[in-house]
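Read off the chains here:
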Amino acid sequence: MSYPKPDRRSWAEPWKIKMVEPIRMTKLAEREKFIAEAGYNTFLLRSEDVYIDLLTDSGTNAMSDRQWAGMMLGDEAYAGSANFYNLWEAVTKYYGYKYLVPTHQGRAAEHILSQIMIHPGDIIPGNMYFTTTRLHQELAGGAFVDVIIDEAHDPANPHPFKGNVDLAKLQRVIHEAGPGKIPYVCIAGTVNMAGGQPQSMANMRAVRELCRQHKIHVVLDATRAVENAYFIQQREPGYANKKLAEILKEYCSLTDTCTMSAKKDALVNIGGWLATNDQGLYEEARNLVVVYEGLHTYGGLAGRDMEAMARGIAESVEDDHMRARIGQVQYLGEHLIDWGIPIVKPIGGHAVFLDAKAFYPQIPQAQFPAEALTCNLYIDSGVRTMERGVVSAGRDAKTGEEHFPKLELVRITIPRRVYTQAHMDVVAESVLEVYEHREQARGLKMVYEPKYLRFFQARFEPA
Ligand code: F0G
């Protein structure tokens, strides 16, 4: 093997490994059996049968020694835990919102927000749907409307901010529905379903201004907002010399409220929150959290979990941390681009997304090409990935018709601080192997479909 001279300095991780978790290697014949038993759905595999687990970056992060030390300082009081106040302080300091209600994870915050703000018949515009977010909007009687720019639906389009809102689309929705029917606009940065694509600060500012004119509340899905801040720093004029922490705060300041799955950016295994500057909303949320989660000073979490979150937030906005985190995702993505494998471009923040329509053009979308590709990757190497296509998109809440999204993707999601560059090499080589055998691939048929969020529990058979 030859090593070419590098033309740049690398992004090595700003940490070293103190504890390791052995993982089991499996054989090809075993994996064929495991995936069949799992109904050809990677969500139904047992984790011990997985070699490199790139299903999600949610709750799969490695905590630091400082976070683990914080776990020993859990104040497990039912009411008024010291860790709750530490968390409050961290959210106020780094995200800037005035009020905080902790929740056990992101969808719990979405549930509470939707129940409070949405009335039957309401419209919630957003920059592409997210599965749980849209479901909670629908369960509250609302309907989601996509106002993301068209470029986001094209996997090959290199637009630097594919998470941007199309302001003309948003304006049209406001005009047609009337501002009174829009309880809030829901903005995510980065946009998970678009391929981990960021929104620019300028675009968020324009959304803010439009909403201000119509007195519409702006909600941020802050799940990966620090990753979004990194792309603003790297790509948007005027931000190259600003710290991530500063950019994050400016970004959040353009919104009124945020829901958060702390299982991503905030480097913990469980946790979330709803934060807001609106005192009335805070008071309602603080009351409702007691019904669904637990007292407003723990929201379904242990004190130690809140401490780990407070410390994780501070670590997540360190520039060196994020450079290495996204650097690792880019490293994997660049390998695949070099080898001519179709992926969503630009490479996203939390994952590399394979374009399953281009990968398997012979498989019709009704036969779930992305789901089939997740299975073939698992069978090849024991690498677990996730379908983000027609299975995830589900059915229209009113008509029951299947959504056929333009993007039919496989998400290779990188947990934070968990795997090494050598793991990324193994993953890239497995994708190449599966790509080289792409012509033999066949689709799947769905044999069991649950009512809600079907991708989690659906079962398939070879078509
Ligand atoms: N919003 C976004 C953008 C998410 O990616 C997620 C979760 C949620 C909200 C819900 O948060 O899981 O804590 O209840 N995404 C995970 C994923 C499941 O794999 O992308 P949660």
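Residues numbered from 1 in each chain as written. Predicted model: local features only at pLDDT ≥ 70, side-chain atom pairs only at ≥ 80, totals over all residues. Heavy atoms only, no water.

S.K.: What's the story with the pattern of salt bridges in this structure? I'm lost.
M.R.: If charged atoms from side chains of opposite charge come close, those side chains can pair. What the rule picks out here adds up to 23 salt bridges. A salt bridge links Glu-37 to Lys-33; its shortest N-O distance comes to 3.6 Å. With Glu-37 and Lys-33 both in helix α1 (residues 28-37) and four residues apart, this pair spans about one turn of that helix. Among the residues examined, Lys-33 registers a relative accessible area of 48% and is labelled partly exposed. Residues Arg-417 and Glu-315 are paired through a salt bridge, measuring 2.9 Å at the closest nitrogen-oxygen approach. Residue Arg-417 is found in the loop between β12 (409-413) and α16 (421-436), and its partner Glu-315 is found in helix α11 (residues 303-316); the two are separated by 102 residues along the sequence. (Salt bridge = Lys/Arg side-chain N within 4 Å of Asp/Glu carboxyl O. Helix = DSSP H or I, 4+ residues; strand = E, 2+ residues; numbered from the N terminus. Buried < 20%, exposed > 50% of the residue type's maximum accessible area, 1.4 Å probe, protein only.)

S.K.: What is the right way to read the packing of aromatic side chains from this model?
M.R.: Geometrically, a pair of aromatic rings is defined through the distance of the ring centres and the angle of the planes. Here the structure, examined in full by the defined rule, presents 14 aromatic pairs. Centre to centre, the rings of Phe-84 and Trp-88 are 5.8 Å apart; their planes meet at 80°, and the pair counts as edge-to-face. Within this pair, Phe-84 and its partner Trp-88 are both found in helix α3 (residues 82-94), separated by four residues, close to a single helical turn. Each member of the aromatic cluster is reached from another via a ring pair, and the members are Phe-84, Tyr-85, Trp-88, Tyr-99 and Tyr-282. (Phe/Tyr/Trp six-rings, centres within 6.5 Å; stacked < 30°, edge-to-face > 60°.)

S.K.: How should the site of the ligand be read in this particular structure?
M.R.: The environment of the ligand is made up of 17 residues, and the closest members are Thr-56, Arg-107, Asp-221, Ser-261 and Lys-264. Here a nitrogen atom of the ligand and a side-chain polar atom of Asp-221 are 2.6 Å apart. At 2.9 Å from an oxygen atom of the ligand is found a side-chain nitrogen or oxygen belonging to Arg-224. Taken by itself the ligand offers 470 Å² of open surface, and the protein chains cover 95% of this. (Near = heavy atom within 4 Å. Polar contact = N/O pair within 3.5 Å; in protein donor to acceptor, adjacent residues only side chain to side chain. Areas by Shrake-Rupley, 256 points an atom, 1.4 Å probe, with all protein chains shown as cover.)

S.K.: Honestly, the sheet that holds β12 in this entry has me stumped. Any pointers?
M.R.: Think of a sheet as strands paired side by side through backbone hydrogen bonds, with each pair either parallel or antiparallel. Sheet architecture is open: three strands sit in the order β9-β12-β11, paired in antiparallel fashion. The outermost strands of the open sheet, each flanked by one partner alone, are β9 (351-355) and β11 (386-388). Taking each pair of neighbouring strands and ignoring which way they run, the sheet shows an average axis angle of 35°. Where β9 meets β12, five bridges bridge the pair, whose relative direction is antiparallel. (Pairing = 2+ DSSP bridges. Axes fitted to C-alpha atoms, helices over the stretch in contact; angles between N-to-C directions.)

S.K.: Honestly, α16 in this entry has me stumped. Any pointers?
M.R.: Along an α-helix, a turn takes 3.6 residues, which lines up residues three or four apart on a common side. For α16, built from 16 residues, the straight-helix expectation of 22 Å at 1.5 Å per residue is met to within 8% by its first-to-last C-alpha distance of 23 Å. Burial in α16 covers these residues: His-423, Met-424, Val-427, Ala-428, Ser-430, Val-431, Val-434 and Tyr-435. In an axial view of α16, the angular spread of the buried residues amounts to 160°, which keeps them on one side of the axis. (Expected span 1.5 Å × (residues − 1). Arc of directions from axis to C-beta.)

S.K.: Whenever I open this one, the nonpolar core confuses me. Can you help?
M.R.: Tyr-95, Leu-220, Trp-273 and Ile-313 are the most contacted members of the largest nonpolar core, which has 60 residues in total. Within the second largest apolar cluster, 55 residues are counted, among which are Val-391, Val-431, Ala-441 and Leu-444. (Core = buried A, V, L, I, M, F, W, Y, C linked by side-chain atoms within 4.5 Å.)

S.K.: Looking at this model, I keep getting lost on the domain arrangement of the protein. Mind explaining?
M.R.: How big an interface is tends to be stated in terms of accessible area lost as the parts join. Domain boundaries in the protein define domain 1 (28-57 + 319-462) and domain 2 (65-316). Using only C-alpha atoms to locate each centre, domain 1 and domain 2 end up separated by 26 Å. Opposite the 33 residues of domain 1 that make contact, domain 2 presents 41 residues. Contact between domain 1 and domain 2 buries roughly 2,900 Å² in total, counting both sides, with carbon and sulfur atoms accounting for 57%. The interface formed by domain 1 and domain 2 holds 16 residue pairs in polar contact (both at pLDDT 80 or more) in total. Tallying contributions element by element places helix α12 (residues 319-338) first for the side of domain 1 that touches domain 2, with seven residues. (Domains from an automatic or database assignment. Contact = heavy atoms within 4.5 Å. Buried area = accessible area lost by both parts, 1.4 Å probe.)

S.K.: What is the right way to look at empty space enclosed by the protein in this model?
M.R.: By the definition in use, this model includes two cavities of 30 Å³ or more. Its volume calculated, the largest cavity comes out at about 60 Å³. Lining the largest cavity we find Glu-13, Trp-15, His-321, Ala-324, Arg-325, Gln-328, Pro-415, Arg-416 and Arg-417. When its volume is computed, the second largest cavity comes out at roughly 50 Å³. Lining the second largest cavity are Glu-110, Leu-113, Ser-114, Thr-133, Gln-137, Tyr-184, Cys-186, Val-219 and Thr-259. (1 Å grid on protein atoms, 1.4 Å probe; cavity = no way out; pocket = protein on both sides within 12 Å on 5 of 7 lines; lining within 4 Å. Points joined across faces, edges and corners; volume = space filled by probe spheres on them.)

S.K.: Looking at this structure, I do not really get a nonpolar patch on the surface. What am I missing?
M.R.: Together, Trp-15, Ile-17 and Val-20 give the surface a local cluster of nonpolar side chains, amounting to about 320 Å² of exposed area. Relative to the helices and strands, Trp-15 resides in the segment before α1. (Patch = residues over 30% accessible without salt bridge, like charges linked within 9 Å, V, L, I, M, F, W, Y side chains within 5 Å.)

S.K.: Would you take a moment to explain unusual backbone geometry for this structure?
M.R.: As a rule of thumb, non-glycine residues mostly have phi less than zero, and peptide bonds are mostly trans rather than cis. The linkage connecting Gly-189 with the following residue, Thr-190, adopts the cis geometry, with an omega of -10°. Looking at the secondary structure, you find Thr-190 in the loop between β5 (184-188) and α7 (201-213). A cis geometry characterises the amide bond from Lys-345 onward to Pro-346, with omega recorded as -10°. By the element assignment, Pro-346 lies in the loop between α12 and β9.

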